[in-house]
Amino acid sequence: MHPAFSVLIFTVTSGAGYGLLAWLGLGQTLGYSQTLTPELQLIMGVIAMALVSVGLLSSTLHLANPKNAWRSFSRFRTSWLSREAVFAIALYPLSALYAAAIFWQWNSINVLAGLCVVLALITLFSTSMIYASLKTIRQWHTPMVPALFMAYALSSGGLLFLSVGYFFAPINNQLLNICIGLVLITLALKLVYFFWQGKPQGATLQTATGFTQASVRLLDAGHSAPTFLNREFGYQVAADQLLRLRVLMVLVAFIVPLGLMFWVEQGATANVLVVAWLAMMTGLLLERWLFFAEARHVVRLFHGEQRC
Amino acid sequence: MKLGLVIDLDTCVGCHACATACKQWNTSGTIGPLSDERPHGKDPSGSWLNRIRTYEVGDSPHSKTVHMPMSCMHCEDAACVTVCPTGASYKREEDGIVLVDQDKCMGCNLCAWACPYGARELDTDSGTMKKCTLCVDRIYDLELPEAERQPACVMTCPTSSRVFGDFDDPDSEVSKLTRERGGQQLLPELGYNPVNSYLPPRNPKQQEKLKVSALQGVKQLVNRLINR
Amino acid sequence: MKKNGQQLPQFEDHAKQEYRYTTCYMCACRCGIKVTVEDEKIRFIQGNPDHPVNKGVLCAKGNSAIMKQLSPAKLTQPLIRKPGTERGAGEFEPISWDKALDLLTDRLRHIRATDPKKLAYFTGRDQMQALTGLWASQFGTINWAAHGGFCSVNMAAAGLYTMGHSFWEFGDPDWENTKYFMMWGVAEDHASNPIKLGLKRIKERGAKFVAVNPVRTGYQAIADEWIAITPGTDAMLALSMVQVLLREGLVDDEFLIRYTNAPQLVINTPGKQGDGLLLRDSEGNPQVWDQHTNSVQSALSAQVAPALLGEYEAPCGTPVRTAFSILMDKYMAPEYAPEAAAKVCGVDAQTIERIALEMAHVAFKETITIDTEWTDWAGRKQTQFIGRPVSMHAMRGISAHSNGFQTCRAIHLLQVVLGTIDCPGGHLAKPPFPKHIVPHIKPAKGNAPNTPLESAPLGFPTQPEDLVIDEHGKPRRIDKAYSWDAPIANHGLMHMVISNAVEGDPYHIDTLMLFMANMAWNSSMNTAQTMDMLRAKDDNGDYKIPFIVTCDAFHSETVNFSDLVLPDTTFLERYDTISMLDRPISEVDAACDSIRQPILAVDRDVRSWQEVMVDLAGRLKFPAFTNDQGQPKFQDYKDFIINFERAPGIGFLAGWRGKNGEKSLRGEPNPNQWQAYIDNQCFFKFELKPNQRYMRHANRDYMELAKEAGWVDSTDQIVIELYSETLQKFRLAGQGLYDGPQPTQEHHKQRLSTYFDPLPFYYAPLEQALTDAQEYPFFAVTQRPMFMYHSWDSQNAWLRQIMSQNYLYMHRSKGEALGIKDFGWVWVESHNGRIRAQVKLMEGVNPNTVWTWNAIGKQQGTWGLSDDANESQQGFLMNHLISELLPGQAEAGAQRITNSDPITGQAAWYDLRVKITPVSDDDKDLAGQNLSWPRFDKVKPLPNFTPASKLSSYTSHINVNLKRGWRDIFSRGAK
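Presented here is a report on the structure given in the accompanying data block. (Residues numbered from 1 in each chain as written. Chains lettered and ligands numbered in written order. Predicted model: local features only at pLDDT ≥ 70, side-chain atom pairs only at ≥ 80, totals over all residues. Heavy atoms only, no water.)

## Some remarks on unusual backbone geometry
Most peptide bonds are trans, and most residues other than glycine sit at a negative phi.
Residues and elements named next belong to chain C.
So, point 1. At the junction of Phe433 and Pro434, the peptide bond is cis and its omega measures out at 15 degrees in the coordinates.
So, point 2. The omega torsion across Asp505 and Pro506 is 15 degrees, close enough to zero to call that bond cis.
So, point 3. Non-glycine residue Glu40 carries a positive phi angle of around 55 degrees.
So, point 4. Checked against the element boundaries, Glu40 lands in the loop between strand 2 (32–38) and strand 3 (41–47).
So, point 5. In this structure, Trp863 is a non-glycine residue whose phi angle is positive, near 60 degrees.
So, point 6. Relative to the helices and strands, Trp863 resides in the loop between strand 31 (849–853) and helix 25 (870–873). (Helix = DSSP H or I, 4+ residues; strand = E, 2+ residues; numbered from the N terminus.)

As structure tokens, then:
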């Protein structure tokens with residue numbers, strides 16, 4: 001798949017935003033956020049929604065005909081993108097209420113916080129289902145995709161929560177350890193994902209064309225220059241290059257942040273967490289890029305690929 | 001009604017008539033124009049609704065060349081309809097034609113991601129997705145002669161390798177051909193239930209393996225008495 | 001499937017639309033089209049359902065005519081090369097039509113008054129040879145021909161000299177009744193839509209379809225059996241099958257005796273004058289051995305029972321034998337045995353045997369009969385037509401070899417021994433064919449100032465006396481057609497004109513006039529050298545070809561080399577005729593012709609070449625175009641077509657003749673004839689009666705009609721000439737045994753003695769015999785794709801999206817053995833040069849053959865394409881590898897023997913042999929670059945050229961969208 005920069009930015013930034021909001025809200029229901037000053041909580045909330053907004057705006061850049069973007073709420077019944085749009089927009093008034101609750105210390109703050117967590121997670125899930133619901137892309141059509149998606153968001157959101165929090169407040173090692181654990185689980189899930197995707201399976205050029213009893217090769221695509229389909233789905237990275245990029249991604253998205261988080265746990269200054277977060281965000285951008293670059297849409301079969 | 005096409009791989013010679021007839025009809029049709037980028041330049045690339053791909057099946061010297069025209073399959077369980085957020089992509093209840101409402105599409109490409117057959121292409125000029133309309137602007141036009149109320153591709157095909165009709169009618173030509181010739185779906189395992197049906201190449205006519213006479217040359221040519 | 005349509009908007013405003021009919025001209029198929037016009041724009045072009053040729057279908061090219069009409073490559077005004085600039089530099093300035101025609105008329109008038117043959121007038125992809133040939137004849141220059149010499153004269157001539165018709169526009173398989181169809185060397189060759197319609201018919205009917213072709217694409221893809229023959233060896237395959245049939249006695253001896261010259265007696269006096277000629281009586285009739293009287297009798301008698309075999313003695317004592325006896329001996333020879341043939345043609349012996357036997361089975365055991373009363377040539381009533389339902393079609397893959405004539409004859413021989421000529425299920429002629437073998441038209445030899453030629457420039461030689469040579473035996477024509485170089489060059493040798501004119505061999509010319517031919521590019525062999533020749537100057541600094549006039553509709557590479565450019569209309573902008581006198585669109589059961597009418601108004605300063613021809617003819621006062629007062633006889637082209645009569649009552653258009661349009665085929669000029677055609681969808685169809693449908697060569701009911709229509713001169717039987725006395729006469733001349741003109745040069749003697757065998761035979765293509773097969777191991781051929789017609793259609797925005805670059809296709813195993821990857825770049829080298837191209841590996845090709853699509857490569861700057869267009873950057877021509885002379889003939893002192901068939905002069909495009917080496921990384925030229933080679937200078941844009949925009953969105957009206965309602969959007973679930 002052709003990795004569109006606007007989509008990469010969208011998923012990584014809004015993911016971090018939703019994650020941050022979830023941590024804030026979860027923290028509230030579990031009694032931690034209250035230990036932070038209301039100002040700090042609001043700052044976190046604003047950062048979260050700012051990231052979400054940057055992400056959403058970025059996603060509209062991907063549209064070829066944005067004047068119809070307002071219509072994207074209309075197919076909530078079936079479309080994950082529609083659902084994501086509805087939930088994402090719904091989060092604004094809800095998070096505003098939560099912010100008001102923080103500011104004016106409403107009693108309903110726990111409920112609102114909880115609802116924000118749920119809505120943030122649902123929005124994340126909906127976003128990831130845009131990809132995971134597609135049977136045409138084997139690399140995406142797996143429950144691991146929404147799981148990982150939410151895990152990235154919670155990891156990057158959590159690391160951000162801790163970075164911002166520990167800027168103003170003392171380090172809470174318990175939370176740090178929870179975050180470390182979350183990142184480790186995410187890494188483990190990612191490695192399982194790589195293992196699973198490595199097994200060749202699914203449609204082949206033979207099943208696609210119906211000639212299963214003999215070799216099938218493309219002689220002519222019907223056009224000697226690339227078409228929209230080639231540009232959108234024909235993206236190809238050499239196998240060894242992909243491997244190098246995956247290794248790099250794991251390092252930057254997970255190993256480096258983990259290392260830095262351990263270091264903070266051992267006593268380093270909390271500002272290091274900001275570096276850890278920036279590393280993770282960079283790594284996650286690379287991860288998103290790989291997510292697209294590794295994706296092999298079955299239409300490639302008709303363009304001569306033997307398997308996807 | 002379940003309208004769709006039957007495409008006969010046994011007689012398609014890959015001439016591209018269907019692809020260009022479609023381009024020609026639809027560029028001035030209901031979803032037109034179909035734009036062309038760099039039409040006289042490097043790597044010309046335009047919006048087409050039907051493309052012909054050619055494959056070689058088998059290894060030399062037993063290979064067979066198969067031409068495979070592909071356009072929207074008007075699937076029964078069309079994922080492109082499911083994923084579309086604006087409702088631009090939809091399947092008509094009356095006849096099953098899958099369409100893209102050009103006034104509503106926002107060009108997010110998601111339907112193209114959902115389509116395994118590459119049926120949808122983004123038109124650079126309009127920013128919307130375009131695809132086969134099964135010539136909805138021809139088939140119901142009572143001002144056209146009845147024989148011409150067909151998709152342009154079907155009308156033009158010089159080898160009559162495309163047939164149009166109602167798969168819900170068991171006596172229609174499309175239903176009969178699919179039954180009698182074993183019409184196939186492409187990528188059925190993805191579960192979209194494409195309506196367009198591909199007829200596989202027929203087995204070559206089996207001729208009796210004629211035995212060479214054991215006594216070669218015995219049946220000599222002789223002069224017979226034949227009047228002019 | 002009715003629908004009230006109420007929920008649907010009105011998509012098309014039909015009130016604003018109009019249907020106009022005309023004839024397509026995207027290729028030479030001439031399909032009938034129905035054009036929907038709206039606001040003077042084209043809304044849609046579809047096949048005319050009522051038209052006999054295409055019956056409502058239309059190919060990719062026809063469907064894309066809009067983009068041809070809108071091509072930025074269209075010429076817009078007459079142009080003249082700027083004085084003082086070099087030819088080929090592309091420096092043109094506009095000139096008015098008046099000035100252009102005055103200039104041209106003056107020059108032509110001078111040539112005509114001094115030495116008419118100094119005008120060389122050659123036409124390319126056109127379809128109006130009857131008019132241009134008449135014009136040349138009236139001008140008085142013998143130097144005229146169309147493109148057949150480099151296209152498919154072998155196919156046409158072989159058929160016409162064998163059975164009075166041939167393939168393609170001369171005849172078709174009986175698609176409705178045939179049970180076995182064999183196709184030889186056919187890519188996408190005219191009869192384009194009819195062949196497609198026919199293939200569908202035969203597949204539906206369960207007939208077997210066998211395709212002989214080194215490549216498995218296109219039609220071959222759907223064949224039941226594909227025979228991957230080695231290029232140039234089809235005669236071996238055909239004649240080996242003939243051996244199998246002879247050996248098994250599976251020949252139609254009745255057919256041979258009644259309808260061919262197989263039983264005719266041939267003089268058998270080897271080494272003596274007259275050897276191999278037919279025995280004739282005092283009236284000049286050929287003879288047979290009559291088994292009733294056991295004596296020699298006239299072959300034309302209806303009372304005889306001729307012997308097919310045997311050696312006899314003529315009354316005068318001359319030893320004679322039947323032509324068929326010679327045939328038997330010849331094809332029973334070991335060289336034509338399947339095992340031996342397999343080694344030559346790459347088809348295994350089992351297959352050769354089997355196919356022959358399959359065809360015989362179908363011909364003799366699956367015979368069909370049609371009960372109809374008909375009268376045969378002798379006036380006898382017959383009650384049925386017997387059909388041997390095996391049919392064939394052959395085209396350029398057979399023709400474009402230096403052995404193509406004999407190969408086509410071999411295929412016809414195969415058809416004839418199976419008795420499949422003009423019978424139900426067999427190969428059927430199309431009116432005005434069949435004609436007698438051969439029509440009594442001899443090629444003109446004259447060259448008198450201000451005098452028309454004594455006959456047409458092209459004709460049918462039957463003996464050395466007919467050659468167009470001078471008293472020293474030297475060619476009179478600039479292309480050397482009808483000389484000892486190419487005696488039966490019935491379509492001329494257009495591919496030799498430039499080379500010969502520049503060399504001054506046989507002489508220099510003054511003006512080269514080209515119509516619709518791309519001689520400076522893909523229609524020439526040896527393209528770079530051809531361009532040099534066009535620019536060549538003599539010692540005085542003058543161009544060796546002093547003046548070049550080109551008429552074309554588009555900015556081709558040849559336009560760039562012109563001194564005067566006369567821009568043509570497109571086919572949608574003019575009147576035109578597809579005439580019975582020319583290359584008509586008849587069907588097997590009907591005589592048809594058609595016209596074109598303007599669909600769109602001309603929007604630039606161009607004129608149709610037909611109009612210019614008539615205009616020039618009037619200005620130059622050609623007798624046929626001038627009235628008694630010395631004034632132009634015809635106002636314009638339309639007037640000419642209506643009123644010109646080649647013979648009393650015979651004009652260009654056969655329909656609606658007679659004062660009131662009441663006559664068909666023959667009749668007085670009808671002043672409203674054009675309107676009659678327009679009122680009838682622009683075509684005319686005259687159906688044959690059931691008793692006129694078959695065996696027309698021996699069918700009096702048909703021949704009477706044909707004579708009345710002017711297609712034939714007499715109702716005599718057309719006797720199929722398996723044995724060609726014409727060829728034997730030339731052979732005798734080569735052997736020094738002919739009582740008449742004989743060649744004096746050794747190589748001519750050798751060629752005539754070797755190749756002019758009166759019976760078809762296989763010989764290795766000439767170039768191949770002179771090329772080291774070890775060094776050049778691959779055969780190299782081209783074919784035309786279904787969606788482009790020669791150099792046309794790269795200027796078409798839609799068609800070029802299908803293909804803007806061609807690849808060199810190669811067998812996968814051979815490629816891998818040479819270390820060539822898919823889409824790798826290679827050097828392809830022949831004795832004449834080398835090119836660099838990109839390879840695509842494939843399965844379905846003869847392993848020793850490489851091929852590409854022809855004419856995709858273009859010169860940078862032409863055809864309205866941008867400078868970085870793929871056609872000029874990655875596209876390539878095979879032409880650079882081919883020479884118009886045989887290997888070694890370009891050297892000083894050589895004979896300049898043409899790389900053509902020695903009988904007809906047909907350009908031997910497909911005789912090419914090459915070697916292939918992968919481009920290595922340290923190749924100095926273009927290593928690592930995605931570019932083909934050789935590279936040519938960029939052609940300058942013409943004055944007032946408007947380049948295309950980067951984005952185009954054609955429509956004839958604003959689209960009416962089908963909107964989905966809000967309720968539907970919100971309420972519907974997953975489906």
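That shown, we press on.
## Things to note about the packing of aromatic side chains
So, point 1. Applying the stated criterion across every chain, the model contains 63 aromatic pairs over all chains.
So, point 2. Aromatic pair Tyr193(A) and Phe194(A): ring centres 6.3 Å apart, planes at 50 degrees, arrangement tilted. Pair check on accessibility: Tyr193(A) and Phe194(A) agree, each one buried.
So, point 3. Ring centres 5.6 Å apart and planes at 15 degrees place the aromatic pair Trp135(C) and Phe139(C) in the stacked group. Of this pair, Trp135(C) and Phe139(C) both sit in helix 4 (residues 129–139), separated by 4 residues, roughly a single helical turn. A single burial state applies to Trp135(C) and to Phe139(C), both of which are buried.
So, point 4. Three or more aromatic residues joined by ring pairs form one cluster here, namely Tyr121(C), Trp135(C), Phe139(C), Phe515(C), Trp609(C), Phe622(C), Phe625(C), Phe634(C), Phe640(C), Phe644(C) and Phe652(C).
So, point 5. Above the ring of Trp80(A), the side-chain terminus of Arg83(A) is found at 4.4 Å from the ring centroid.
So, point 6. Sitting over the ring of Phe291(A), Arg288(A) keeps its end group 4.0 Å from the ring centre. (Phe/Tyr/Trp six-rings, centres within 6.5 Å; stacked < 30°, edge-to-face > 60°. Buried < 20%, exposed > 50% of the residue type's maximum accessible area, 1.4 Å probe, protein only. Lys NZ or Arg CZ within 6 Å of the ring centre and 35° of its normal.)

## Things to note about the state of the cysteines
All names here are of chain C.
So, point 1. Within the structure shown, the criterion is met by 0 disulfides over all chains.
So, point 2. Of all cysteine sulfurs, the one in Cys31 lies closest to Cys24, which takes part in no disulfide; the gap is 6.3 Å.
So, point 3. Left without a disulfide partner, Cys408 is nearest to the cysteine sulfur of Cys151, which lies 12 Å away.
So, point 4. Looking at Cys408, the relative accessible area reads 0%, which means it is buried. (Disulfide = S-S within 2.5 Å.)

## Concerning the side chain of Ser586(C)
So, point 1. Summarising the element assignment, Ser586(C) is placed in the loop between strand 24 (576–578) and strand 25 (590–596).
So, point 2. In contact with Ser586(C), not counting residues within four places along its chain, are Lys430(C), Pro431(C), Met580(C), Ala591(C) and Cys592(C). (Contact = heavy atoms within 4.5 Å.)

## What about the sheet that holds strand 7 (residues 144–145) of chain C?
As a general point, the strands of a sheet are linked pairwise by backbone hydrogen bonds and lie either parallel or antiparallel.
Residue and element names in this part refer to chain C.
So, point 1. Here we have 7 strands laid out as an open sheet, ordered 5-4-23-22-21-6-7, and mixed in their pairing. Either end of the sheet is taken by a strand with one partner, and the two such strands are strand 5 (92–94) and strand 7.
So, point 2. Pairing analysis gives 3 bridges linking strand 4 (residues 79–81) to strand 5, with the strands arranged antiparallel. Directly across from Arg81, in strand 5, lies its bridge partner Phe92.
So, point 3. Its contacts with the sheet place helix 3 (residues 97–114) against strand 4, strand 6 (119–123), strand 21 (511–515), strand 22 (547–552) and strand 23 (564–567), and it is angled at close to 120 degrees to strand 23. (Pairing = 2+ DSSP bridges. Axes fitted to C-alpha atoms, helices over the stretch in contact; angles between N-to-C directions.)

## Re the sheet that holds strand 1 (residues 216–220) of chain A
So, point 1. An order of 1(A)-4(B)-5(B) is seen for the 3 strands of this open sheet, with the pairing classed as antiparallel. The sheet is open, and its two borders are formed by strand 1 of chain A together with strand 5 (64–71) of chain B, each paired with just one other strand. Strand-to-strand twist across the sheet, computed as the mean angle between neighbouring axes with direction ignored, equals 35 degrees.
So, point 2. As paired strands, strand 1 of chain A and strand 4 (residues 50–57) of chain B are joined by 4 bridges and run antiparallel to one another.

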